[in-house]
Amino acid sequence: MKKQSKLKRISIIYKDNDGFAKETSQEISEYLTKNKFDVSIIENNSKGISEVEYRKWKNIDLLIVIGGDGTIIKSARILKQNIPILGIKAGNKGILTEIEPSELPDSIKKIKLKKHHIEKIPKLKIDFGKNKTECAVNEIYIEKFNTTRTPIFNVKTNNDSMDMKMDGVVISTPIGSTGYSLSFGSSILDSSIDALLLTPIASISRIPSIIIPWEKITITVPHKTSITIDGQMMNKVPAKQKITITKDMNATAFVRFTKSNFKRMKKMGYNDNS
């Protein structure tokens, strides 16, 4: 008989200012409590998650996120441990979500019986000055700020460097390749590929997207720039400040019940038979 997995403490976070997501979180909490799980609901709002609410994440076995991709990305970015995330759709396309609300009871049974797998996606760690460090789940978008000139971006890897005259650059994880990078004309990386996607923006030399292995990347620009992290956070960076991108020590761990190379693309509407 297959050994059951440890699953006792569960936290739930839902999309802020969404009545359906909030109601769904309460229904799921009631169901899990009746089935002897230790459940906590994390209050999420536009200002972020307070330290009191953040403590509810400690020592949990599963984080259930109810909402769309934005809520999942925000939760995964804040989450410091490699705690599995089960995304429940309560938004539009829900590219990163795994199930519908009605599928939760069956999904919990599958997790307990280990009829699932964990998809681990490394996060990006960004250092851009003294005591200025952030992490990204999807991507970071570095662009020129407060200048009409097209600056030169010096992009340095472990073994080489290159000067690129352009308006900006997007560096994406595999799951982030369906975000900003795709809107700028790049390809989509399968989530199983251990690589980064570097997409130049308005490059004078028309440089295409570049797939590079996970390694340290340093970007320096002679002008002021801005960094947008996961489309949710923005920081200003002074001229000539080194921006360093490395692999964060904590990965994003998603609960998955099926393995499909084209799952995200189908959710985006690329399947002609859908």
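Everything numeric in this text was worked out from a predicted model, so none of it was measured.

A. The nonpolar core, seen in detail. Counting residues in each nonpolar core, the largest one holds 25 residues, and the members touching the most others are L124, I140, I171, I219, I227 and I243. At the level of secondary structure, the elements contributing two or more residues to this core comprise β5 (117-127), β7 (139-144), β8 (152-156), β10 (168-172), β11 (195-201), β13 (217-220), β14 (225-229) and β16 (243-256). A21, L62, A90 and I108 belong to the second-largest nonpolar core, a separate cluster that totals 21 residues.

B. Structural context of the packing of aromatic side chains. The tally for this structure, following the rule as stated, stands at 2 aromatic pairs. Geometrically, the ring pair formed by Y141 and F184 is edge-to-face, given 5.6 Å between the ring centres and 65° between the ring planes. Of this pair, Y141 sits in strand β7 while F184 sits in the loop between α5 (180-183) and β11; the two residues are 43 residues apart in sequence, bridging distant segments of the chain. With a relative accessible area of 12%, Y141 lands in the buried category. What links up through ring pairs into an aromatic cluster is the set Y141, Y180 and F184. Directly above the ring of F257 sits K110, whose terminal nitrogen or CZ lies 5.5 Å from the centroid.

C. A look at the pattern of salt bridges. Overall, the coordinates contain 7 salt bridges when judged by the stated rule. With a shortest N-O distance of 3.9 Å, D61 and R9 are connected by a salt bridge. Here the residue D61 occupies a position in the loop between α2 (51-54) and β3 (62-67), and R9 occupies one in strand β1 (residues 9-14), the gap between them amounting to 52 residues. The exposure class of R9 is partly exposed, given its relative accessible area of 28%. Put simply, R256 and E98 hold a salt bridge, and the shortest N to O gap is 3.0 Å. With a gap of 158 residues between them, R256 in strand β16 and E98 in the loop between β4 (85-89) and α4 (104-112) connect regions that are remote in the sequence. A relative accessible area of 8% places R256 in the buried class. For E98, a relative accessible area of 11% gives the class buried. One salt-bridge network, held together by shared partners, links E98, E119 and R256.

About the cut-offs
- Residues numbered from 1 in each chain as written.
- Predicted model: local features only at pLDDT ≥ 70, side-chain atom pairs only at ≥ 80, totals over all residues.
- Heavy atoms only, no water.
- Core = buried A, V, L, I, M, F, W, Y, C linked by side-chain atoms within 4.5 Å.
- Buried < 20%, exposed > 50% of the residue type's maximum accessible area, 1.4 Å probe, protein only.
- Helix = DSSP H or I, 4+ residues; strand = E, 2+ residues; numbered from the N terminus.
- Phe/Tyr/Trp six-rings, centres within 6.5 Å; stacked < 30°, edge-to-face > 60°.
- Lys NZ or Arg CZ within 6 Å of the ring centre and 35° of its normal.
- Salt bridge = Lys/Arg side-chain N within 4 Å of Asp/Glu carboxyl O.

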